[in-house]
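The chain contents come next:
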Amino acid sequence: MQPSETTEFGRFLVLFDRLVHETNDWIERTPKDRLDWIPIDNGNVRFGDRVSEVTIRSLYIHTVVAEHKFVRDLHACADGALISLPRDPELTARLRGADLVGEGMRTHDETMRRLRGFTVTQLGKTIRFAADDTTWTIMGFLWGMYGHRAYHLGNLDIYVRQADIPAPDFYSFQPKMMA
């Protein structure tokens, strides 16, 4: 049985892919001159050491890089592996210098192909996450990754609204059936 046929993993794939497309709706509505705009600049507007210049562009790049790196590392890891923080300077530079959403979607498509290749055995492996030494199953970590994307979509939503740009209606999902 393919893991994409299991209820939990199949639901994850649909919801994760849809959340990425929803995020792109926010980015595509944002005027280019607002992608690097910083509406509030103080010491509390940061996400750890890796995202200290919080802009619409930097949050988007952060999510794309994290997901790509996590999925690549999870796919190849041994049971009990330590998963490092998601740093990928080459991909980060590529996203900064390209059509942001276009390159983000090419990266997402690659991430989805790799996700669809996971086996039931892989999804059941345990890993430790370097950020806080928490132990997860790979399936559990994927849900954590989904939550990470949703969290930053909320940040993007606030920034878009502060820029006086109408944000998409998150609850008008297309397709209507999510999972």
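Asker: Sorry, what's going on with the packing of helix H2 (residues 56-76) against helix H6 (residues 138-162) here?
Answerer: Axis angle and axis distance: for two packed helices, these are the angle between their axes and the distance between the axes, and together they describe the pair. Where H2 contacts H6, the axes come no closer than 10 Å and their chain directions differ by 175°. Classified by the angle their axes make, H2 and H6 are roughly antiparallel. Contacts between H2 and H6 involve Ile56, Leu59, Tyr60, His62, Thr63, Val64, Ala66, Glu67, Phe70, Val71 and Leu74 from the first element and Ile138, Phe141, Leu142, Met145, His148, Arg149, His152, Asn155, Leu156, Tyr159 and Val160 from the second. In the contact of H2 with H6, the residues fall into 15 nonpolar, 5 polar and 2 charged.

Asker: It is not clear to me how the pairing of strand E3 (residues 134-137) should be interpreted in this structure. Could you clarify?
Answerer: Note on strand geometry: in a regular strand, side chains alternate between the two faces of the sheet. Judged from the 4 bridges that link them, strand E2 (residues 126-129) and E3 form a sheet pairing that is antiparallel. Each bridged residue has a counterpart across the sheet, and for isoleucine 127 the counterpart in E3 is tryptophan 136. Counting the residues between successive antiparallel strands, the hairpin from E2 to E3 contains 4 residues, one of them, aspartate 133, with a positive phi of roughly 55°.

Asker: Explanation requested: the packing of H2 against helix H3 (residues 89-96) in the structure shown.
Answerer: Two elements in contact, H2 and H3, have axes separated by 10 Å at closest approach and are oriented at 140°. Here H2 lies oblique to H3, going by the angle between them. In the crossing of H2 with H3, the sense of the turn from one axis to the other is right-handed. Residues Arg57, Ile61, Val64, Val65 and His68 of H2 lie in contact with H3, whose contacting residues are Leu91, Thr92, Leu95 and Arg96. For the contact of H2 with H3, the class distribution of residues is 5 nonpolar, 2 polar and 2 charged.

Asker: Looking at this structure, I do not really get the confidence of the model for the chain. What am I missing?
Answerer: Low-pLDDT portions of the prediction should not be read for the details of their coordinates. Per-chain confidence: the chain averages 87 in pLDDT, with 84% of residues scoring 70 or above. Averaged pLDDT values over the elements of the chain bottom out at 92 in helix H1 (residues 7-29) and peak at 97 in helix H4 (residues 100-116).

Asker: So what exactly am I meant to see when it comes to the packing of aromatic side chains here?
Answerer: The geometry of an aromatic ring pair comes down to the distance between the two centres and the angle between the two planes. According to the stated counting rule, one finds 9 aromatic pairs in the structure shown. With a centroid separation of 5.3 Å and 85° between ring planes, the pair formed by phenylalanine 12 and tryptophan 143 is classed as edge-to-face. Remark: tryptophan 143 occurs in helix H6 and phenylalanine 12 occurs in helix H1; sequence separation between them is 131 residues. Ring pairs connect the aromatic residues Phe9, Phe12, Phe16, Trp143 and Tyr146, which therefore count as one cluster. The ring of tryptophan 37 carries the charged tip of arginine 34 above its face, separated from the ring centre by 4.5 Å.

Thresholds, definitions, all that
Residues numbered from 1 in each chain as written. Predicted model: local features only at pLDDT ≥ 70, side-chain atom pairs only at ≥ 80, totals over all residues. Heavy atoms only, no water. Axes fitted to C-alpha atoms, helices over the stretch in contact; angles between N-to-C directions. Helix = DSSP H or I, 4+ residues; strand = E, 2+ residues; numbered from the N terminus. Parallel < 35°, antiparallel > 145°, perpendicular 65-115°, else oblique. Contact = heavy atoms within 4.5 Å. Nonpolar A, V, L, I, M, F, W, Y, C, P; charged D, E, K, R; others polar. Pairing = 2+ DSSP bridges. Left-handed = near helix turned anticlockwise from the far one by under 90°. pLDDT = per-residue confidence, 0-100. Phe/Tyr/Trp six-rings, centres within 6.5 Å; stacked < 30°, edge-to-face > 60°. Lys NZ or Arg CZ within 6 Å of the ring centre and 35° of its normal.

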